[in-house]
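Next come the chains, spelled out residue by residue.
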Amino acid sequence: MPLELDRITKRFGAREVVCSVSLTAEDGEFVVLLGPSGCGKSTLLRMIAGLESPDQGVIRLAGADLTRREPRDRDIAMVFQNYALYPHMTIARNIGYPLKVRKRDPREISAEVNGVAARLGLTNLLQNRPRQLSGGERQRVALARAIIRRPKAFLMDEPLSNLDARLRVEMRAELKRLQHELRIVTLYVTHDQSEAMTLAHRIAVMRDGCIQQYDTPSNVYHRPANTFVAGFVGSPPMNLIEVPECPDATLGVRPEDVEISMIDQPGWTAARVYVTEEMGNETLVVLTAGAAQITARGPAASRLDFDTPVWYRFRPGKLHWFDKASGVRLPDHPPSKPADSRE
Amino acid sequence: MKRVFVYAAAAIALVVALAPVYWLVTISLKREIDQFAYPPQWIGFTATLEHYVEAFSGGSFATYFLNSVILAASSTVAALLIGVPAAYGLARFEWPGNWSANIGDWILSTRMLPPIVTIVPLFLMLRQVHLLNSLLGLALVYTAFNLPFVVWMMRSFFEEVPKEIEEAARLDGETRLGALLRIVLPLVRPGLAATAVFCLIVAWNEFLFALILTQTETAMTLPVGIASQVTQYEIRWGAMSAAGVVAMLPVLVFATAAQRYLVRGLSLGAVKG
């Protein structure tokens with residue numbers, strides 16, 4: 001069932017934290033709201049849940065207007081960052097609570113709880129209390145409580161950020177699989193771009209309450225709409241370089257599109273190695289070229305000492321151009337005279 | 001060596017604290033002739049229960065006792081019924097500007113007033129509505145007196161409950177009230193217990209208001225009743241002590257039962273208040 005946001009605006013006092021956000025998530029789609037902290041993504045999620053009310057705009061789920069409905073009447077489930085389990089109830093009662101509130105038959109509830117618990121590997125923990133569980137287990141309980149009543153939509157507010165790094169990657173895959181099986185429209189808030197890239201069908205990149213780009217992970221990565229998206233998505237982020245020949249534009253190059261050579265070749269530019277960072281499977285080489293610092297992604301073997309003289313070029317056809325004043329993406333070649341003299 | 005001092009200090013403190021209690025209990029058990037014997041009979045006196053019989057068979061102490069029970073219970077229940085929702089509102093709802101803090105401060109400010117300041121106005125007000133010498137009037141006063149404490153103590157307990165737990169309940173299908181009753185209140189049960197016990201003890205021990213606002217036997221509470229045994233012609237030490245011992249028991253029971261909660265609750269109030 002599609003979830004539709006139509007020009008949602010929210011102010012806290014005089015500050016506009018969400019400004020006229022419109023966004024549609026198709027039935028069964030996994031949409032990630034990505035942005036730095038304070039960009040309004042959590043507030044947006046809370047408005048969809050009904051925990052905050054928008055100052056303007058309409059929220060529709062499966063065609064029905066939810067904007068003024070109570071949270072309980074929206075048929076939406078939410079997973080919170082701190083899990084928000086009920087500390088005084090056993091895990092079984094936690095998971096079954098949404099059904100109990102709906103006055104379902106206790107035998108039916110217990111059957112459903114067992115089913116969901118088995119799916120999420122919680123069967124042995126059903127009689128425990130939340131405080132006896134590890135972070136990962138609590139997270140799975142929160143998920144179980146969310147999926148047990150098969151809501152029309154899922155909201156997840158940084159659900160993995162309290163887990164340690166290894167568990168986070170594990171749960172990320174688990175979550176993706178679960179969403180694929182359930183095919184319920186999901187809105188997922190995170191500031192972690194790797195979660196966004198791996199989980200999303202589409203990513204909405206947010207900044208200062210506005211959506212910067214709403215597109216597939218591939219397009220967000222390969223065709224960022226502006227310098228903010230270019231700098232926020234990707235690790236390390238895209239190189240953004242001022243080009244003297246093109247005073248009105250900023251040049252963007254992904255680190256993997258910077259080639260390094262030990263010998264001078266026609267069309268290559270001289271630089272020095274500022275630092276190299278070995279990551280195991282790859283090495284990041286930071287170059288100093290004039291006033292600019294450029295990060296290049298090289299194979300694991302590329303060990304270069306400090307201050308080694310090297311030559312670099314940008315892989316042809318992999319350049320991104322942005323308007324310098326607005327930061328907005330320009331057509332693939334700069335409007336003024338080409339700065340590709342190096343190519 | 002250090003431990004010896006610590007234990008010695010503790011022992012002295014204990015003796016100092018318990019000596020009057022011991023004196024009270026023994027006097028209540030001594031025959032009148034032994035009560036002021038010199039040198040005092042610390043132990044080994046002839047024990048008797050005649051003072052207990054005297055105090056409680058006559059009827060008036062039984063009435064005082066019952067009055068105290070009714071008053072303590074009803075004023076505590078009333079203070080909780082009004083104060084708990086108020087505390088929840090202060091803890092959870094956004095008030096415009098800094099009203100939230102201001103309302104809390106105004107509520108607390110009534111506790112900064114020495115109680116005796118309010119005695120005369122209260123007397124006049126209660127007389128106007130014909131509630132002098134009535135349990136209802138006294139219960140109203142006690143409720144008002146305990147209310148700020150309930151609000152402040154319960155507010156910090158409510159603030160300790162992560163608001164996401166409540167939000168999760170609302171998304172799971174609860175109304176706001178349902179989430180409060182079925183999720184939040186069970187979580188603040190220790191706080192409720194500590195607050196209730198504190199209110200009970202305050203109401204049970206209260207002397208000043210009861211003394212001024214009740215003058216008839218039918219409305220007198222235990223502390224006032226005990227004090228009234230000091231008459232123009234005699235001081236009935238035995239009956240007073242017996243009643244005092246009996247008056248002590250409920251408080252002792254409450255405090256022991258809620259000791260765990262009391263320490264937590266009171267220190268929390270101190271830190272977060």
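Residues numbered from 1 in each chain as written. Chains lettered and ligands numbered in written order. Predicted model: local features only at pLDDT ≥ 70, side-chain atom pairs only at ≥ 80, totals over all residues.

A. Layout of the overall build of chain B. On a plain count of helices and strands, chain B comes out with 14 helices and zero strands. Start at the N end of chain B and walk to the C end: the helices and strands fall as α-α-α-α-α-α-α-α-α-α-α-α-α-α. Once the C-alpha set of chain B is aligned to its principal axes, its extents read approximately 70 × 65 × 35 Å. Residues counted as buried form 35% of the 273 residues belonging to chain B. A separation of at least 24 residues holds for 77% of the contacts in chain B among residues at least 6 apart in sequence. (Helix = DSSP H or I, 4+ residues; strand = E, 2+ residues; numbered from the N terminus. Buried ≥ 20, exposed ≤ 12 C-beta atoms within 10 Å, placed from the backbone. Contact = placed C-beta atoms within 7 Å.)

B. Quick peek at the sheet that holds strand β17 (residues 309–314) of chain A. Residues and elements named next belong to chain A. Here five strands make up an open sheet; going across it, the order is β13-β17-β14-β15-β16 and the pairing antiparallel. Each edge of the sheet is formed by a strand with only one pairing partner; in this case those strands are β13 (258–261) and β16 (292–299). Across the sheet, the mean angle separating the axes of adjacent strands is 45° when strand polarity is ignored. (Pairing = 2+ DSSP bridges. Axes fitted to C-alpha atoms, helices over the stretch in contact; angles between N-to-C directions.)

C. Quick look at the interface of chain B and chain A. Taken together, the contact pairs 14 residues of chain B with 17 residues of chain A. Within the residue set of the side of chain B that touches chain A, elements represented by two or more residues are α8 (163–172) and α9 (176–187) of chain B. If one sorts the elements of the side of chain B that touches chain A by residue count, α8(B) sits on top with seven residues. Partitioned by chemical class, the residues of the side of chain B that touches chain A number seven nonpolar, two polar and five charged. (Nonpolar A, V, L, I, M, F, W, Y, C, P; charged D, E, K, R; others polar.)

D. Quick peek at unusual backbone geometry. The omega torsion across A:Ser235 and A:Pro236 is -5°, close enough to zero to call that bond cis. Here A:Pro236 shows up in the loop between α8 (227–232) and β11 (239–242). Cis geometry is found at the peptide bond from B:Tyr38 to B:Pro39, where omega equals -5°. Looking at the element boundaries, B:Pro39 is found in the loop between α2 (32–35) and α3 (50–57). With phi around 55°, A:Arg183 is a residue other than glycine that occupies positive phi space. Turning to its location among the elements, A:Arg183 is positioned in the loop between α5 (165–182) and β8 (185–190). What makes A:Arg183 exposed here is the crowd of 11 C-beta atoms within 10 Å. If you check the backbone angles, A:Asp307 has positive phi at about 65° while not being a glycine.

E. The arrangement of the domain arrangement of chain B in detail. Residues and elements named next belong to chain B. Assigned domains of chain B: these are domain 1 (1–48) and domain 2 (59–161 + 190–272). Computed from C-alpha coordinates alone, the two centres of domain 1 and domain 2 are separated by 30 Å. Counting residues at the interface gives six residues for domain 1 and six residues for domain 2. No other element matches the four residues that helix α1 (residues 2–29) contributes to the side of domain 1 that touches domain 2. Looking at side-chain class alone, the side of domain 1 that touches domain 2 contains three nonpolar, two polar and one charged residues. (Domains from an automatic or database assignment.)

F. Main features of helix α2 (residues 91–101) of chain A. Burial runs high along α2(A): eight of the eleven residues are buried. Inspection of α2(A) places A:Ile91, A:Ala92, A:Asn94, A:Ile95, A:Gly96, A:Tyr97, A:Pro98 and A:Leu99 among the buried residues, and these make up the whole buried set. Buried-residue contacts for α2(A) involve α3 (106–119) and α4 (135–147) of chain A together with α8 of chain B. Downstream of α2(A) by one or two residues, A:Lys103 has phi in the positive range, about 60°.

G. Highlighting the sheet that holds strand β9 (residues 202–207) of chain A. Residues and elements named next belong to chain A. Strands sit in the order β6-β7-β8-β3-β9-β10 across an open sheet of six strands; the sheet is mixed. Only two strands of the sheet have a single partner each, and these edge strands are β6 (76–79) and β10 (210–215). Taking each pair of neighbouring strands and ignoring which way they run, the sheet shows an average axis angle of 15°. Examined bridge by bridge, β9 and β10 share five bridges and lie antiparallel to one another. Bridge pairing links Val 205 to Gln 213 in β10.

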